[in-house]
Amino acid sequence: MATLNLPAQSTILVPAYHQGVEIDALLAAGYALRYYRVDEQLRIDLADVEQRLDNTVSALYVTHYFGFPQPLEPIRRLCQARRLKLIEDCALSLFSRDNGTWLGSVGDLAIFSVYKTLPLPHGGFVVTKSERPTTALPPAPRASTFVQMGDLLQQGLRSSGWGRVEAWAVRASRQFAKVIRWNRRQTICSGSDWDPRMLGYGVSPWVARVMHFMDPEAVVARRQFNYMRLASHLRFHVTCPFPDLPAGVCPLFFPIIVPDRSAFQQDLEKLGVQSGNWWEVSHPTCPHELAQEMAGWRHDCLELPIHQELSAAHIDRIAAAVLTVVTRRAHGDDRRLLATERA
Ligand SMILES: Cc1ncc(COP(=O)(O)O)c(C=O)c1O
């Protein structure tokens, strides 16, 4: 952030739909925040942004949700006209493009999170246009890399049907932790919770090395294929807010809108399909009326996997499970309706 030379304590405009840790990071850096609207399609409301500008505002923070680009050209024009620095949050959009333009290449600063897209324990990076050197941070502690590798391994075992081995490994590691009196909370781990200790560390050198083995074009192609295959199965049966994929987009998940997503998620899990129900709550600093506008997304959006390691058969299985839960719910609703009519 220091490379942007923003006046101390100036205001950054941030979106009403956010994870929360990015908000905490900006607050920890000492900036004042002001929230702006994003519409029902999660697009930045530029008219609302304009209305919230005053001479304390020094930067605009935009998030490319699920890999889908925000309209970068009008955003860039607005920032240029109003002398604002543009910060692109690409945590959810590694390798994504808006046609030919890489997300993260327009802003004065862009942040990326690699472990959300790639099978790595942790890691992120910052892209800046500034000539000013960024601060070199010490690598993440070894214990952190070790613990998060363990998490990845555990997830890998579970999703490959090695549930018994996973259960055994969990028991063994718990015992081991007891013996050495180790408490996970002492280890700094990246994730959905804010941990200010993270600010002092950069990526593990291992992550940077392993990233060189990744083939971005192959990752994008596979994710696009999986996304479109899932869309073709689901689009006429369940609410899909983004059934199409604009050119260049590297999708992170396939979002669907289902009432009572936690129950839906549990039903899917019983059928052997994991999904995500992130971003449940707004940051406490977000004004109530703006937070309320995002409540639908926060309560009903379920994220289905389209990871590059999934095959067409996996995608078909995910779709079949979703359709099973949808059908069961519809029948359940019919039965409830009948019972009410009879009563
Ligand atoms: C929109 C957004 N920005 C930033 C972050 C922080 O990324 P990381 O987990 O790599 O610190 C997250 C994490 O969930 C996020 O969702």
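Bear in mind that the values here come from a model prediction, so they are computed numbers and not experimental data.

A word on the overall build of the protein chain
Along its length, the protein chain carries 11 helices and 10 strands. Here the C-alpha atoms of the protein chain give a radius of gyration of 21 Å, agreeing with the 20 Å that 2.2 N^0.38 yields for 343 residues. Based on the C-alpha atoms only, the size of the protein chain along its principal axes is roughly 65 × 55 × 40 Å. Burial statistics for the protein chain: of 343 residues in total, 41% are counted as buried. Taken as a whole, the protein chain presents about 18,600 Å² of accessible surface, with 56% of it coming from carbon and sulfur. Taken together, the 37 basic and 34 acidic charged side chains of the protein chain have centroids lying 7 Å from each other.

Things to note about the site of the ligand
Taken together, Gln-19, Val-21, Glu-22, Thr-63, Asp-89, Ala-91, Leu-92, Ser-113, Tyr-115, Lys-116 and Trp-279 make up the full set of residues near the ligand. Between an oxygen atom of the ligand and a side-chain N or O atom of Ser-113, the distance comes to 2.7 Å. A distance of 2.9 Å separates an oxygen atom of the ligand from a polar atom in the side chain of Lys-116. With the chains in place, 84% of the 390 Å² that the ligand exposes on its own is no longer accessible. Here the residues of the shell around the ligand are counted per class, giving 5 nonpolar, 3 polar and 3 charged.

Focus on the sheet that holds strand 2 (residues 32–36)
Spatial ordering of the open sheet is given by 2-1-3-4-7-8, a layout of 6 strands whose pairing is mixed. The strands lining the two open edges of the sheet, one partner per strand, are strand 2 and strand 8 (124–128). The sheet shows a mean angle of 20° between the axes of neighbouring strands, direction not considered. In this fold helix 1 (residues 21–28) packs onto strand 1 (11–15), strand 2, strand 3 (57–63) and strand 4 (85–90), with an angle of close to 145° to the strand it touches most, strand 2. Running at roughly 170° to strand 3, helix 3 (residues 72–81) makes contact with strand 3 and strand 4 of the sheet.

Side note on the domain arrangement of the protein chain
Domain annotation of the protein chain identifies domain 1 (2–128), domain 2 (142–211) and domain 3 (216–342). A straight line from the C-alpha centre of domain 1 to that of domain 3 covers 25 Å. Domain 1 puts 33 residues into the contact, and the matching count from domain 3 is 35 residues. For the domain 1 and domain 3 pair, buried surface summed over both sides reaches about 2,900 Å², with 65% attributable to carbon and sulfur atoms. Contact with domain 3 buries surface across domain 1, with Tyr-17, Phe-66 and Phe-68 losing the most and accounting together for 26% of the total. Across the domain 1-domain 3 interface, the total number found is 2 salt bridges. Here Glu-293 and Arg-37 are joined by a salt bridge, their closest N and O atoms 2.6 Å apart. Where domain 1 touches domain 3, the interface holds 15 residue pairs in polar contact (both at pLDDT 80 or more).

Quick notes on the side chain of Gln-265
Tracing the chain through its elements places Gln-265 in helix 8 (residues 261–270). For Gln-265, a relative accessible area of 15% translates into the label buried. Only 3.1 Å separates the side chain of Gln-265 from the side chain of Asn-277, close enough to count as a polar contact. Filtering out sequence-adjacent residues up to four positions away, Gln-265 remains in contact with Ser-275, Gly-276, Asn-277 and Leu-302.

Details of the pattern of salt bridges
Charged atoms that come close allow side chains of opposite charge to pair. One pass over the full model with this rule turns up 14 salt bridges. The salt bridge partner of Asp-48 is Arg-52, with a shortest N-O separation of 2.7 Å. With relative accessibility at 24%, the residue Arg-52 sits in the partly exposed group. Arg-97 is the salt-bridge partner of Glu-217, the closest N and O atoms lying 3.2 Å from each other. Taken together, the residues span a long stretch of sequence, with Glu-217 in helix 7 (residues 216–234) and Arg-97 in strand 5 (residues 97–98) at a distance of 120 residues. You can call Glu-217 partly exposed: its relative accessible area is 45%. On the accessibility criterion, Arg-97 (18% relative accessible area) is buried. Residues participating in the shared-partner salt-bridge network are Arg-37, Asp-45 and Glu-293.

So, how was this worked out
- Residues numbered from 1 in each chain as written.
- Predicted model: local features only at pLDDT ≥ 70, side-chain atom pairs only at ≥ 80, totals over all residues.
- Heavy atoms only, no water.
- Helix = DSSP H or I, 4+ residues; strand = E, 2+ residues; numbered from the N terminus.
- Rg over C-alpha atoms; globule rule 2.2 N^0.38 Å.
- Buried < 20%, exposed > 50% of the residue type's maximum accessible area, 1.4 Å probe, protein only.
- Areas by Shrake-Rupley, 256 points an atom, 1.4 Å probe, with all protein chains shown as cover.
- Lys, Arg positive; Asp, Glu negative; His and termini not counted.
- Charge placed at Lys NZ, Arg CZ, Asp CG, Glu CD.
- Near = heavy atom within 4 Å.
- Polar contact = N/O pair within 3.5 Å; in protein donor to acceptor, adjacent residues only side chain to side chain.
- Nonpolar A, V, L, I, M, F, W, Y, C, P; charged D, E, K, R; others polar.
- Pairing = 2+ DSSP bridges.
- Axes fitted to C-alpha atoms, helices over the stretch in contact; angles between N-to-C directions.
- Contact = heavy atoms within 4.5 Å.
- Domains from an automatic or database assignment.
- Buried area = accessible area lost by both parts, 1.4 Å probe.
- Salt bridge = Lys/Arg side-chain N within 4 Å of Asp/Glu carboxyl O.

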